[in-house]
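Descriptive structure summary
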Amino acid sequence: NVINDPRGVALELDGDICFGSTSTEIRTSLMTVLNKVSDEILSVPGDPRMVIVEGHTDSAPIPKSLIKYYPTNWELSAARASSVVNYLINQGVNSGKLQASGYADRWPADITWFEVRSGVINDGVIAEQNITKEQRAKNRRIKIVFTND
């Protein structure tokens, strides 16, 4: 999905096409999107815009077998964002334009940037936004923000 974001235009990608469950290995379907984005948008000479790559998760706990790698969803979301940034760098995108950010479960898909920034998101809101399987699936995503300046 291409969406408007207060910071610019954003490409929001379903987490299931991006990564396997609790994995940071980029799936082929995400590689296809990233290749197109890097060729058509991120390789424009002289374009100074920042590109923020955000990793988001649902609120499900990390499986015990993976806690040594990802103690919380913060580490998993940040590692996924970093995987995307590293992939883009390997595709020739200027690393000075890229920023990786992990949000864990703290920014559910149906919550606005303004709500997150205002501090109204608390554990109750997070729980309400992760009740159903569909909500959790929607919350697992990668968002690539092309800033306005």
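Residues numbered from 1 in each chain as written. Predicted model: local features only at pLDDT ≥ 70, side-chain atom pairs only at ≥ 80, totals over all residues. Heavy atoms only, no water.

Further remarks concern the packing of helix 2 (residues 28-40) against helix 3 (residues 73-90). At a minimum axis distance of 10 Å, the contact between helix 2 and helix 3 shows a crossing angle of 50°. Our classification of the angle between helix 2 and helix 3 gives oblique. Both helix 2 and helix 3 take part in a crossing whose hand is right-handed. Contact residues: L30, M31, L34, N35 and S38 in helix 2; V84, Y87 and L88 in helix 3. Residues belonging to the contact of helix 2 with helix 3 are distributed by class as follows: 6 nonpolar, 2 polar and no charged. (Axes fitted to C-alpha atoms, helices over the stretch in contact; angles between N-to-C directions. Helix = DSSP H or I, 4+ residues; strand = E, 2+ residues; numbered from the N terminus. Parallel < 35°, antiparallel > 145°, perpendicular 65-115°, else oblique. Left-handed = near helix turned anticlockwise from the far one by under 90°. Contact = heavy atoms within 4.5 Å. Nonpolar A, V, L, I, M, F, W, Y, C, P; charged D, E, K, R; others polar.)

Reading across the sheet, the 5 strands line up as 1-2-5-3-4 and stay open at both edges, with mixed pairing between neighbours. Unpaired on one side and paired on the other, strand 1 (2-5) and strand 4 (98-104) mark the two borders of the sheet. On average, each strand axis in the sheet is tilted by 25° relative to the strand beside it, whichever way the strands run. Alignment of strand 3 (residues 51-56) against strand 4, held across 6 bridges, turns out to be parallel. Within strand 4, the residue paired with V53 across the bridge is A100. Across the face of the sheet, helix 2 comes into contact with strand 2 (8-14) and strand 5 (141-147) while running at roughly 160° to strand 2. (Pairing = 2+ DSSP bridges.)

So, on to the environment of L11. Looking at the secondary structure, you find L11 in strand 2. A C-alpha to C-alpha distance of 9.7 Å links L11 and V37, two positions 26 residues apart in sequence. Ignoring any residue separated from it by four or fewer positions in sequence, one finds L11 in contact with N1, V2, V33, V37, I142, K143, I144 and F146.

Moving on, we get to the nonpolar core. Of all hydrophobic cores here, the largest spans 21 residues; its most connected members are L30, L34, V53, V84, L88, I142 and I144. Elements with a minimum of two residues in this core: strand 2, helix 2, strand 3, helix 3 and strand 5. Counting residues per element, this core draws most heavily on helix 3, which supplies 5 residues. The residues touching I144, leaving out its near neighbours within four places in the chain, are V9, A10, L11, L13, L34, V51, I52 and V53. With 5 residues, the next largest nonpolar core counts W107, I111, V125 and I126 among its residues. (Core = buried A, V, L, I, M, F, W, Y, C linked by side-chain atoms within 4.5 Å. Buried < 20%, exposed > 50% of the residue type's maximum accessible area, 1.4 Å probe, protein only.)

Quick look at the pattern of salt bridges now. Applying the stated criterion to the full structure yields 10 salt bridges. Residue D5 is joined to R7 by a salt bridge in which the shortest nitrogen-to-oxygen separation is 2.7 Å. The two residues D5 and R7 agree in class, both being buried. In this structure, D123 and R106 form a salt bridge, with 2.9 Å as the shortest nitrogen-oxygen distance. Remark: R106 occurs in the loop between strand 4 and helix 4 (113-118) and D123 occurs in helix 5 (residues 123-128); sequence separation between them is 17 residues. Residue R106 is classed as partly exposed on the basis of its relative accessible area of 26%. Connected through shared salt-bridge partners, D5, R7, E54 and K143 make up one network. (Salt bridge = Lys/Arg side-chain N within 4 Å of Asp/Glu carboxyl O.)

Fair warning: the whole summary comes from geometry, so function is off the table for now.
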